[in-house]
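Close look at the chain arrangement
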Amino acid sequence: MALKVELKPNERIIIGQVVIRNDEQRTRFFIEGEAPILREKDILTAASADSPAKKIYLAIQLMYLAQDPTHEHETYFALVRDFMKAAPSSLPHMTEINNRILSGDLYKALKAAKQLIAYEAELIENATRV
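My aim in this report is to walk through the structure given alongside it, one point at a time. (Residues numbered from 1 in each chain as written. Predicted model: local features only at pLDDT ≥ 70, side-chain atom pairs only at ≥ 80, totals over all residues. Heavy atoms only, no water.)

Digging into the packing of helix α3 (residues 91–102) against helix α4 (residues 106–129)
- At a closest axis distance of 8 Å, the pairing of α3 and α4 adopts a crossing angle of 165 degrees. Here α3 lies roughly antiparallel to α4, going by the angle between them. At the point where α3 passes α4, the crossing takes the left-handed sense. Contacts from His93, Met94, Glu96, Ile97, Arg100 and Ile101 of α3 reach α4 at Leu106, Lys108, Ala109, Ala112, Ala113, Gln115, Leu116 and Tyr119. (Axes fitted to C-alpha atoms, helices over the stretch in contact; angles between N-to-C directions. Helix = DSSP H or I, 4+ residues; strand = E, 2+ residues; numbered from the N terminus. Parallel < 35°, antiparallel > 145°, perpendicular 65-115°, else oblique. Left-handed = near helix turned anticlockwise from the far one by under 90°. Contact = heavy atoms within 4.5 Å.)

Below, the structure is given as structure tokens:
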């Protein structure tokens, strides 16, 4: 079954190793086959990865888009180790992400990493209220 994608004007999408930018009108197309796909709203750049959780998301994103995800493992695990030292309460989130990575479901690992980013924001908000 094909994946139906609608792009807004000038929206970008990554399919495999290629960035596609839409023209100035809405576009709909169907993707058949297997390839990593990320919409612009889900893409994080090195410049926008401005927190530890976002850096973890970026490492997972690079794994997801890479032909060989093992090249990012060392970076990912170093980031996770540092995050866990700073926020041990994030263990359930890290467990979910790690299980997704180990099972090879990197797209769902990205979704779980978004929850980690939200959790990190909550931790920061709680710390600044004190």
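With respect to helix α1 (residues 52–65)
- Between its first and last C-alpha, α1 extends 20 Å over 14 residues, near the 20 Å set by a 1.5 Å rise per residue.
- Extensive coverage of α1 is indicated by the burial of ten of its 14 residues.
- Considered for burial, the residues of α1 that qualify are Ala53, Ile56, Tyr57, Leu58, Ala59, Ile60, Gln61, Met63, Tyr64 and Leu65. (Expected span 1.5 Å × (residues − 1). Buried < 20%, exposed > 50% of the residue type's maximum accessible area, 1.4 Å probe, protein only.)

A look at the nonpolar core
- Ranked by size, the top nonpolar core spans 27 residues in total, and within it Ile56, Ile60, Tyr76, Phe83, Ile97, Ile101 and Leu116 carry the most contacts.
- Put simply, the parts of the chain that give this core at least two residues each are α1, α2 (73–86), α3 and α4.
- The biggest single contributor to this core is α1, with nine residues.
- Look past the residues within four positions of isoleucine 56 in its chain and what remains in contact with it is Tyr76, Leu79, Val80, Phe83, Met94 and Leu116.
- Ranked by size, the runner-up nonpolar core spans six residues in total, among them Leu7, Ile13, Ile15 and Ile31. (Core = buried A, V, L, I, M, F, W, Y, C linked by side-chain atoms within 4.5 Å.)

Details of the pattern of salt bridges
- One pass over the full model with this rule turns up seven salt bridges.
- Its salt-bridge partner being lysine 54, residue aspartate 50 comes within 3.2 Å of it at the nearest N-O pair.
- We classify aspartate 50 as exposed; its relative accessible area is 57%.
- As a salt-bridge pair, arginine 100 and glutamate 96 come within 2.9 Å of each other at their nearest N and O atoms. Here arginine 100 and its partner glutamate 96 are both found in helix α3, four residues apart, which amounts to about one turn of the helix.
- Judged by relative accessible area, which is 32%, glutamate 96 ranks as partly exposed.
- Where salt bridges share partners, they join Glu6, Arg26 and Arg28 into one cluster. (Salt bridge = Lys/Arg side-chain N within 4 Å of Asp/Glu carboxyl O.)

Some words on the side chain of serine 90
- You can see serine 90 is positioned in the loop between α2 and α3.
- By relative accessible area, which is 0% here, serine 90 ends up buried.
- Here the side chain of serine 90 touches alanine 87 through a polar contact of 2.7 Å, landing on its backbone oxygen.
- Residue contacts for serine 90: discarding those within four places in its chain leaves Phe83, Met84, Leu116 and Tyr119. (Polar contact = N/O pair within 3.5 Å; in protein donor to acceptor, adjacent residues only side chain to side chain.)

Description of the sheet that holds strand β5 (residues 37–39)
- If you walk across this open sheet you meet the three strands as β3-β2-β5, and the pairing is antiparallel. Looking along the sheet, the strands with just one partner apiece sit at the ends: β3 (18–21) and β5. The average undirected angle you get between the axes of adjacent strands in this sheet is 20 degrees. (Pairing = 2+ DSSP bridges.)

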